[in-house]
Amino acid sequence: MSQRLNYYPLLGGLDYTTAPLFVDPGRALFIKNYACDLNGGYRQLGQYERFDGRTAPSSSSDPAQQEIYRALITAVPGSGPVRGVAYFNGTVYAWRDNAGGTATVMHKSTAGGWVAITAASYIPFNLGNTSTAIVEGNTIGNAAVPTKTAVVVRVVYYGVWDATTTATGRLYVTSVVGAWAAADPIYVGATQRATATGGVTTQTIAPAGQYETIQFNFYGASDKFRLYGVDGVNPAFDFDGTYLCHYTTGMTIDKPTHIAQNHNYLWLTFAGGSLQNSAVGDPSGFSPRLGSAEISLGEDVTNLVAQKDTLVCYGRNSVFVLYGNDSSSFQLKSFTRQGGGISRTAQYIGSEVLALDDSGLLFLQAVQAYGDFNAATVSDQVRPVFDRQTPSFTIMQRSNGRYILFWDDKTALVCTLAGTKVLGYGNAGYAHQFVCGWSGEDTGGDDRSFVGADNGFVYELDKGDSQDGADIESILRIPFNALGGPQSRKRWHKLRLEIISPSSVTIRIAPEFDYGLSSGLVQDADFIGGGGYWDSVAWDEFTWDGGASSSSTIYLDGVSPNIGFVIYHNDKATPFTLVAVGLSWTPRSQDRD
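Now for a look at the structure at hand.

About the thresholds
Residues numbered from 1 in each chain as written. Predicted model: local features only at pLDDT ≥ 70, side-chain atom pairs only at ≥ 80, totals over all residues. Heavy atoms only, no water. Helix = DSSP H or I, 4+ residues; strand = E, 2+ residues; numbered from the N terminus. Buried < 20%, exposed > 50% of the residue type's maximum accessible area, 1.4 Å probe, protein only. Contact = heavy atoms within 4.5 Å. Areas by Shrake-Rupley, 256 points an atom, 1.4 Å probe, with all protein chains shown as cover. Lys, Arg positive; Asp, Glu negative; His and termini not counted. Charge placed at Lys NZ, Arg CZ, Asp CG, Glu CD. 1 Å grid on protein atoms, 1.4 Å probe; cavity = no way out; pocket = protein on both sides within 12 Å on 5 of 7 lines; lining within 4 Å. Points joined across faces, edges and corners; volume = space filled by probe spheres on them. Nonpolar A, V, L, I, M, F, W, Y, C, P; charged D, E, K, R; others polar. Phe/Tyr/Trp six-rings, centres within 6.5 Å; stacked < 30°, edge-to-face > 60°. Lys NZ or Arg CZ within 6 Å of the ring centre and 35° of its normal. Core = buried A, V, L, I, M, F, W, Y, C linked by side-chain atoms within 4.5 Å. Pairing = 2+ DSSP bridges. Axes fitted to C-alpha atoms, helices over the stretch in contact; angles between N-to-C directions. Polar contact = N/O pair within 3.5 Å; in protein donor to acceptor, adjacent residues only side chain to side chain.

## Thoughts on the overall build of the protein chain
Scanning the protein chain from terminus to terminus reveals four helices and 45 strands. Looking at the protein chain as a whole, 52% of its 593 residues qualify as buried. Expressed as a percentage of contacts within the protein chain between residues at least 6 apart in sequence, the contacts between residues at least 24 apart total 59%. When the accessible surface of the protein chain is totalled, it reaches about 24,500 Å², and 49% of it is carbon and sulfur. Averaged over its 41 positive side-chain charges, the protein chain has a centre that lies 2 Å from the centre of its 55 negative ones.

Right, here's the structure in full:
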């Protein structure tokens, strides 16, 4: 009898909930270090390497040289986990508590490794009640003691600076000359603009924060693009690449937890469900007379996301949406009280917001369309994972459509999206525990992702061919396929696996028969990678015997109603993609149970 051939693509991702008999054969029953690819197939992942600004291990193709480079790269100085990581103006920054755990220090990556950023010093002041405020770039002095001078790099104050209202705040300064003290008059030129309430003060950043940052230019000038952040234990701050300066909002407990920008306002949330906006175009201006306002949500905010013309405020058990373009038209509406979002899980994707609630992952507009959270979830096929995992944080890799939800056990759930369409779910497993991260475009327009770990290191994801030098274990278990019907027994002859790979790779394949009641011989399948099409490849990277895709065949020896496979790889590797499976078989008898 001639053999029959069935060929099917590998796509659709994990499926934990469908009955085995009805699972689409291209889906997966188990995944480790694969994700659905935007172009189809399962893309192997899990590569990352340590980072501090020095030469990357992956910059060399020589394994020995890679280890030399790796050994030179150090953890962020200090103790405990990395508290936050961000990429700003071409440089990676990280926060970690100092060696004694008494303060947090911001560090900058350089060609020589991590370098501490010294927070700007300030002169506290009040009686800022002249008609002209002190501004950045002013040189201040003391008419009584001309030798006292300083250059102002940032002005942060509460209140309104005019002839009738007293502004109080901080003048962040550099190039300080003389010993400034309380009651010193502060002049700009021949005019007193304020009075010092203390001497030059060094900022102390309280430890144990959880950093969240945005980047924006509130002022329009090309040199005013800045990094803004909060950490839940210190006031909000901005950083221009040189000076780190904290704001004062007038709150008794001035420790904002989340941050966003919308309509040229800086938005902050505080404990107790307080949502506050700055003055328009002035991220440090938190005075009602300047347009600043406070809105009470009645529940602590867990995620704050700017979405087009609205601001989405997640609580643990509710969602609010703020509409309007300015302080005169802002209107807060309750979106739902049937559910909310778990902290640090909301991401803006296309025109939508995706967040994790107890019922699973949900798009905001889907909640409105279906009317309840359970109906709106887009993660039914992986629902069991949410019952046994604890979320840590998320990042969104826009170039490959990956929403990555990191758990607290060195793993992550990877949701691949084409716009707002879910293509499927995969899983990642890591050698280290990641606790914070940043993802976005670098100055060259390339997507990059950095994560901080509990061991104090910063790592760059999707970099190199290993997990910081360790092999990557990748596993894909394909559902049992009952070609010709579940009661029809078949003799299985061959399996043909199609992959796309930039380099040669050997993959181990273990066949399973009759829902795993018996198994076949575990075999290695060799694939020639690095192929391409004429006129579309770099000549020195072309493998002449390799195609755009590669296939390998293993021979089978089994009789059963159905067949499944475990595809296994445990080695260093550049990412490859499992594309399709072909099965050769002949029908046998019918089961008559």
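## Describing the side chain of serine 488
Mapped onto the fold, serine 488 is located in strand S39 (residues 488-500). Judged by relative accessible area, serine 488 falls into the buried class, the value being 6%. If sequence neighbours within four positions are ignored, serine 488 has contacts with Ser560, Pro561, Ser589 and Gln590.

## A closer look at empty space enclosed by the protein
If you walk through the whole model with that rule in mind, you get four cavities of 30 Å³ or more. Here the largest cavity defines a volume of roughly 70 Å³. Its residues assigned to classes, the lining of the largest cavity comprises six nonpolar, three polar and two charged.

## Regarding the packing of aromatic side chains
Two numbers describe a pair of aromatic rings. These are the distance of the centres and the angle of the planes. Under the criterion given, the structure shown has 30 aromatic pairs. Stacked on the ring of tyrosine 122, the Lys or Arg arginine 170 has its end atom at 4.1 Å from the ring centre.

## Observations concerning the nonpolar core
Counting residues in each nonpolar core, the largest one holds 49 residues, and the members touching the most others are Leu497, Leu578 and Leu583. Excluding anything up to four places from it in sequence, leucine 583 contacts Arg4, Leu5, Asn6, Tyr8, Asn481, Leu483, Trp492, Lys494, Leu495, Leu556, Ile563 and Phe565. By size, the runner-up hydrophobic cluster in this structure holds 25 residues, among which are Val76, Ala86, Tyr87 and Trp438.

## Structural notes on the pairing of strand S29 (residues 352-357)
By the criterion of burial, S29 is predominantly enclosed, with six of the six residues buried. Side chains Glu352, Leu354 and Leu356 of S29 all project onto a buried face; the interleaved residues Val353, Ala355 and Asp357 project onto the opposite face, where all are buried too. Alignment of strand S28 (residues 347-349) against S29, held across three bridges, turns out to be antiparallel. Across the sheet, tyrosine 348 pairs through a bridge with valine 353, a residue of S29. Where S28 hands over to S29, the hairpin turn is made up of two residues, of which glycine 350 adopts a positive phi near 65°. Judged from the four bridges that link them, S29 and strand S30 (residues 360-363) form a sheet pairing that is antiparallel. Looking at S30, one finds that leucine 356 is bridged to leucine 361. Linkage of S29 to S30, two consecutive antiparallel strands, is achieved through a turn of two residues.

## Quick word on the sheet that holds strand S37 (residues 458-461)
Strands sit in the order S5-S37-S36-S35 across an open sheet of four strands; the sheet is antiparallel. For this open sheet the edge positions go to strand S5 (48-51) and strand S35 (434-441), each flanked by a neighbour on one side alone. Here the strands of the sheet are splayed against their neighbours by 30° on average, with no regard to which way each runs. Of the strand pairs in this sheet, strand S36 (residues 447-453) and S37 are connected by three bridges, and their pairing is antiparallel. Across the sheet, residue phenylalanine 450 finds its bridge partner in S37, namely glutamate 460.

## Structural notes on the layout of surface pockets
If you add up the space inside the largest pocket, you get close to 1,200 Å³. Lining the largest pocket are 39 residues, and of these Thr213, Ile214, Gln347, Trp438 and Ser439 sit closest to its centre. Residue assignment for the lining of the largest pocket shows that the elements contributing at least two residues are strand S6 (79-88), strand S16 (212-216), strand S20 (258-262), strand S24 (301-307), S28, strand S31 (391-397) and S35. Looking at the lining of the largest pocket element by element, the count peaks at six residues for S35.

## Remarks on the side chain of threonine 249
You can see threonine 249 is positioned in the loop between strand S19 (244-246) and S20. Threonine 249 sits in the buried class, given a relative accessible area of 4%. Only 3.3 Å separates the side chain of threonine 249 from the backbone nitrogen of methionine 251, close enough to count as a polar contact. Reaching out from threonine 249, the side chain makes a polar contact with the side chain of aspartate 254 at a distance of 2.9 Å.

## Section: the sheet that holds strand S8 (residues 104-110)
Spatial strand order, S6-S7-S8-S9: four strands in an open sheet with antiparallel pairing. Single-partner strands in this sheet number two, and they are S6 and strand S9 (113-117). Averaged over all pairs of adjacent strands, the angle between their axes in this sheet comes to 30°, without regard to strand direction.

## Observations concerning the pairing of strand S34 (residues 421-429)
Look at any regular strand and the pattern is simple: side chains alternate between the two faces of the sheet. Pairing of strand S33 (residues 411-418) with S34, which is carried by eight bridges, proceeds in the antiparallel orientation. The partner of leucine 417 across the bridge, within S34, is valine 422. Where S33 hands over to S34, the hairpin turn is made up of two residues, of which glycine 419 adopts a positive phi near 70°.

## Describing unusual backbone geometry
Positive phi outside glycine occurs at alanine 208, with the angle close to 70°. Note that alanine 208 resides in the loop between strand S15 (191-196) and S16. Judged by its relative accessible area of 47%, alanine 208 is partly exposed. For lysine 410, which is not glycine, the phi torsion reads 70° and is therefore positive. Owing to a relative accessible area of 38%, lysine 410 belongs among the partly exposed residues under this scheme.

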